[in-house]
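What follows is each chain in one-letter form.
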Amino acid sequence: MSNRTLPGWIDIGLIPLINICLAFLVSAGIIMLIGENPVEAVQVMLFGAFGYDEGIGYTLYYATNFIFTGLAVAVAFHAGLFNIGGEGQAYLGGLGVGLMCLMLDGWLPWWALLPFAIAAGGLFGAAWAYIPAYLQAYRGSHIVITTIMFNFIASALMVYLLVNVLIEPGSMSPQTRSIAESATLPYMYQVFAAFGVEIEQSPLNVSLILALLACVLVWLLIWHTRWGYAIRMIGFNEKAAVYSGINTRRTIVISMCISGALAAMVGINEVMGAQQRVLLEFVAGAGFTGIAVSLMGRNHPLGIIAASVLFGALYQGGAELSFEISTITRDLVVVIQGLVILFCGALAYMLKPTLEKLFLRYTLSKASRKDKLTEEASS
Amino acid sequence: MNETLLMLVSILDSTIRVSTPLIFCAMAGVFSERSGIVDIGLEGKMLAGAFAAAATAAVTGSAWLGLGCAIIVSVGMALLHGFACITHRGNQVVSGLAINILASGLTVTLGIAWFAQGGQTPQLSGDARFAALELPGAAAVADIPVIGAIYSELISGHNLLVYMALLSVPVTWWVLFRSRFGLRLRAVGENPQAVDTAGISVAWLRYRAVMCAGLLCGIAGTYLSTAQNAAFLKDMSAGKGYIALAALIFGKWHPKAALLACLLFGFLEALSVRLQGVQLPVIGEVPVQLMQALPYVLTVILLAGFIGKAIAPKAIGIPYNKER
């Protein structure tokens, strides 16, 4: 149908770009509405996010979380599933990471503990995604609704566990004890210092490397394995997948489990890296930001990295902005996030008919000019 | 005996208070989802409505103007949802999610810019709030045992919006199941092709359905900020929109059953507040979090088909494409 009338670069390049620009344009309008200068705001944000070492560190630290949740949403998306449950899966994943670290932190150094923490976190996250996936595949309940419900259940469960079970004895705030220093992930500034490069301190840690590795693995999985082919086929046309002998139910469950395990890796960055303990609400909306990241990055690891850095910059720049301009808070970043989801997701094809018309007119006029030229040449 | 009765009456009383925004939102969801449009944005529309109501009431001093403004804002967001999913056939879940996130950020950002109180609106009092209504004779019968307590505490003494919520259920039922508009609305949620073939505009029907949803969410928000509370607070909807969504599914997209689900969820919430720190015989102390999670757990179990089957409108979530 109409999918074929536009060349690829317009479809995957220009349209998303215009949509992002629209989202930012509306954001600028909102900044003007509250009486501030959008140009100044952008300058503050850019400087806050990229202007100095510490800012860059924070930007990449936030981006690490968004890469994980963005990949999680994308893997499910390729199978035609909309995983809104990244928030809950990351929360439970963090619990797995935390429990493993608290169990073994006196015994093992961080590099020996990391595989166990990844396994435990991944297992917890996958388990939390498994139930909605199973219910979708075998009992026909809708995954969007069940994952929303599971976010709330995860939140209640974690409050219960942190307040009543895992709370550090004698502590007033609901959090676990700190993980022993030998077991926490090295910060990037420490890694750089080991090579003799001095950079400022920030919570950025080696999880970033893990996140980039996850991108490569997801790319390999989705486009270069049989599983990935099955996943994409289900997302493309479930009926055709069934006819060609793919076990759709099992593939749905597997792809959701992978998705949950990816979201859970937020726990590695937060629990084992930045916070070094399990806190209440440590996911802080990264699961939802993952949806925006995945939509913006068109479900491709490269796009997801780019979108994650952009959102990391928005989060860090937003923090700087709220520091500089008192009438703006970090809630503005939430607004921008909502607008990106709106324009890149729900209104993704708003401009397509218009662009198609423009493009057709352009190519037709070019073709007729060519015809005229050839006519003239032949006569 | 008398004490137990009083406690029961007071729990039921707070059940009704807590259920009111759920009932409005669930009815909103019934309209939207029966027409085939998934409405995850109940939460966002309610939150935006709550902010609009409190902001207008704080400036003008009139709760009624607040209500009007909340409805305008909420219907506006519903139209945005419609524009994305009806006109441009966008993903309805993504659109609803965008509305929720947008409302959560925008209310606080505008609140800080306009009132400079950390995202809250000024405290409302007097005419800027919907006050409790005293039903006729409530004071007179208050001393009569049992009936007096029930009438004066439970039935009387709520504000107008509470009674409107209870009234919205039969109205929704009547509109959906007895009016021509309702018949067509339900048809468009089951089989839009047939409605289109009959020469009725699918898009216009669905737009009207999401506008009804926006109207009801606006009233729900007004209740939150000008009746139940006396100001807008950051993220004050606190997941109520999702509970209403759960209640709507639990009620199998039917107004009467959705009302019962709302009352059940409201009762659980009222009970959990009451049971905080209380040691029950045999079970011991029930964790508050368990009670909070119960509506969600029940909905998941229902959706899995273990306690009956919840059958959604057939065309739900599928954008209608005339060309095919």
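If you're wondering where the values come from, they're calculated on a predicted model, not measured in any experiment.

1. With respect to the overall build of chain B
Secondary structure summary: chain B contains 13 helices and two strands in total. Taken over the C-alpha trace, chain B has a radius of gyration of 20 Å; the compact-globule value for 324 residues is 20 Å, and the two agree within 12%. Across its three principal directions, the C-alpha atoms of chain B cover 65 × 50 × 40 Å. By the burial criterion, 57% of the 324 residues in chain B qualify as buried. Looking at chain B alone, contacts between residues at least 24 apart form 77% of all its contacts between residues at least 6 apart. If you sum the accessible surface of chain B, you get close to 13300 Å²; carbon and sulfur atoms cover 66% of it. Taking the 20 positively charged and 15 negatively charged side chains of chain B as two groups, their mean positions are separated by 15 Å.

2. Description of the packing of aromatic side chains
Residues and elements named next belong to chain A. Under the defined criterion, the tally for this structure stands at 19 aromatic pairs over all chains. When the ring of Tyr-61 is compared with that of Tyr-62, the centres are 5.2 Å apart and the planes differ by 40°; the resulting orientation is tilted. Like Tyr-61, the residue Tyr-62 is buried in the burial classification. Taken together through their ring pairs, the aromatic side chains of Tyr-58, Tyr-61, Tyr-62, Phe-66 and Tyr-315 make up a single cluster.

3. Describing the interface of chain B and chain A
Taken together, the 41 residues of chain B in the interface contact 40 residues of chain A. Of the roughly 3500 Å² buried at the junction of chain B and chain A (both faces included), carbon and sulfur atoms supply 82%. Here chain B is connected to chain A by one salt bridge. Scanning the region where chain B abuts chain A turns up two residue pairs in polar contact (both at pLDDT 80 or more). Elements with a minimum of two residues in the side of chain B that touches chain A: helix H3 (63–87), helix H4 (92–115), helix H11 (240–250) and helix H13 (288–303) of chain B. The biggest single contributor to the side of chain B that touches chain A is H4(B), with 15 residues. Among the residues making up the side of chain B that touches chain A, the classes are represented as 27 nonpolar, eleven polar and three charged.

4. Focus on empty space enclosed by the protein
Residues and elements named next belong to chain A. Within the structure shown, the criterion is met by one cavity of 30 Å³ or more. Of the voids in this model, the largest cavity is the one considered here, and its volume is about 40 Å³. If you list the elements that add at least two residues to the lining of the largest cavity, you get helix H1 (8–33) and helix H13 (286–296). Split into classes, the residues belonging to the lining of the largest cavity amount to five nonpolar, one polar and one charged.

5. Let's talk about the state of the cysteines
All names here are of chain B. Under the criterion given, the structure shown has zero disulfides over all chains. Counting only cysteine sulfurs, Cys-217 is the nearest neighbor of Cys-69, a cysteine outside any disulfide, at a range of 16 Å. Assessed through its relative accessible area of 27%, Cys-69 is described here as partly exposed. No disulfide involves Cys-217; its sulfur sits 4.3 Å from the nearest other cysteine sulfur, which is in Cys-25.

6. Points about helix H8 (residues 207–224) of chain A
Residue and element names in this part refer to chain A. Between its terminal C-alpha atoms H8 stretches 25 Å, which fits the 26 Å expected from 18 residues at 1.5 Å a residue. All buried positions along H8 are accounted for by Ser-207, Leu-208, Leu-210, Ala-211, Ala-214, Cys-215, Val-218, Leu-221 and Ile-222. For H8, the buried positions fall inside an angular range of 150° around the axis, keeping them on one side. With respect to the buried face of H8, the exposed residues turned more than 90 degrees away are Leu-213, Leu-217 and His-224.

7. Some words on the nonpolar core
In terms of nonpolar packing, the biggest core is built from 201 residues, with Ile84(A) and Ile40(B) touching the most fellow members. Per element, the largest residue contribution to this core is 13 residues, and it comes from helix H1 (residues 2–34) of chain B.

8. A few points about the packing of helix H2 (residues 42–60) of chain B against helix H10 (residues 202–228) of chain B
Residues and elements named next belong to chain B. Look at H2 against H10: their axes get within 7 Å of each other, and the N-to-C directions meet at 55°. Considered as vectors, H2 and H10 are oriented oblique to each other. Regarding H2 and H10, the two cross each other, and that crossing is right-handed. Residue-level contacts link Leu-42, Lys-45, Met-46, Gly-49, Ala-50, Ala-53, Ala-54 and Ala-57 of H2 to Ala-213, Gly-214, Cys-217, Ala-220, Gly-221, Thr-222, Leu-224, Ser-225 and Thr-226 of H10. Residues belonging to the contact of H2 with H10 are distributed by class as follows: ten nonpolar, six polar and one charged.

9. Details of the packing of helix H4 (residues 86–104) of chain A against helix H11 (residues 248–264) of chain A
Residue and element names in this part refer to chain A. Direction vectors running N to C along H4 and H11 enclose 65°, while the axes themselves pass 7 Å from each other. Taken as a pair, H4 and H11 cross one another with a handedness that is right-handed. On H11, the residues that touch Gly-86, Gln-89, Ala-90, Gly-93 and Gly-94 of H4 are Met-256, Ser-259, Gly-260, Ala-263 and Ala-264. Taken together, the residues of the contact of H4 with H11 sort by class into four nonpolar, six polar and no charged.

10. Looking at unusual backbone geometry
Residue and element names in this part refer to chain A. Even without a glycine there, the phi angle at Gln-276 is positive, about 60°. Although it is not a glycine, Asn-299 adopts a positive phi angle of roughly 60°. Tracing the sequence through the fold places Asn-299 in the loop between H13 and helix H14 (301–324). When its relative accessible area of 17% is taken as the criterion, Asn-299 is described as buried.

11. Let's talk about the pattern of salt bridges
Residues and elements named next belong to chain B. Evaluated as defined, the whole model comprises four salt bridges over all chains. For Asp-13, the salt bridge identified is with Arg-17, shortest N-O distance 2.7 Å. Placement of the pair is Asp-13 and Arg-17 together in helix H1, with a separation of four residues, close to one helical turn.

12. Quick notes on the environment of Gly51(A)
Positionally, Gly51(A) belongs in the loop between helix H2 (38–50) and helix H3 (53–78). For the pair Gly51(A) and Gly317(A), spaced 266 residues apart in sequence, the C-alpha to C-alpha distance is 9.9 Å.

13. Quick word on the environment of Gly345(A)
For Gly345(A), the location among the structural elements is in helix H15 (residues 331–346). Along the primary structure Gly345(A) and Asn19(A) are separated by 326 residues, whereas in three dimensions their C-alpha atoms are 9.2 Å apart. Each residue touching Gly345(A), except ones within four places of it in the same chain, is listed here: Leu295(A), Val340(A) and Val94(B).

14. Comments concerning a positive patch on the surface
A contiguous patch of positive charge, built from Lys366(A), Arg369(A), Lys370(A) and Lys372(A), is present on the exposed surface. Here Arg369(A) shows up in helix H16 (residues 352–378).

Criteria and thresholds
- Residues numbered from 1 in each chain as written.
- Chains lettered and ligands numbered in written order.
- Predicted model: local features only at pLDDT ≥ 70, side-chain atom pairs only at ≥ 80, totals over all residues.
- Heavy atoms only, no water.
- Helix = DSSP H or I, 4+ residues; strand = E, 2+ residues; numbered from the N terminus.
- Rg over C-alpha atoms; globule rule 2.2 N^0.38 Å.
- Buried < 20%, exposed > 50% of the residue type's maximum accessible area, 1.4 Å probe, protein only.
- Contact = heavy atoms within 4.5 Å.
- Areas by Shrake-Rupley, 256 points an atom, 1.4 Å probe, with all protein chains shown as cover.
- Lys, Arg positive; Asp, Glu negative; His and termini not counted.
- Charge placed at Lys NZ, Arg CZ, Asp CG, Glu CD.
- Phe/Tyr/Trp six-rings, centres within 6.5 Å; stacked < 30°, edge-to-face > 60°.
- Buried area = accessible area lost by both parts, 1.4 Å probe.
- Salt bridge = Lys/Arg side-chain N within 4 Å of Asp/Glu carboxyl O.
- Polar contact = N/O pair within 3.5 Å; in protein donor to acceptor, adjacent residues only side chain to side chain.
- Nonpolar A, V, L, I, M, F, W, Y, C, P; charged D, E, K, R; others polar.
- 1 Å grid on protein atoms, 1.4 Å probe; cavity = no way out; pocket = protein on both sides within 12 Å on 5 of 7 lines; lining within 4 Å.
- Points joined across faces, edges and corners; volume = space filled by probe spheres on them.
- Disulfide = S-S within 2.5 Å.
- Expected span 1.5 Å × (residues − 1).
- Arc of directions from axis to C-beta.
- Core = buried A, V, L, I, M, F, W, Y, C linked by side-chain atoms within 4.5 Å.
- Axes fitted to C-alpha atoms, helices over the stretch in contact; angles between N-to-C directions.
- Parallel < 35°, antiparallel > 145°, perpendicular 65-115°, else oblique.
- Left-handed = near helix turned anticlockwise from the far one by under 90°.
- Patch = residues over 30% accessible without salt bridge, like charges linked within 9 Å, V, L, I, M, F, W, Y side chains within 5 Å.

Spatial relationships are all this shows, so hold off on functional conclusions.
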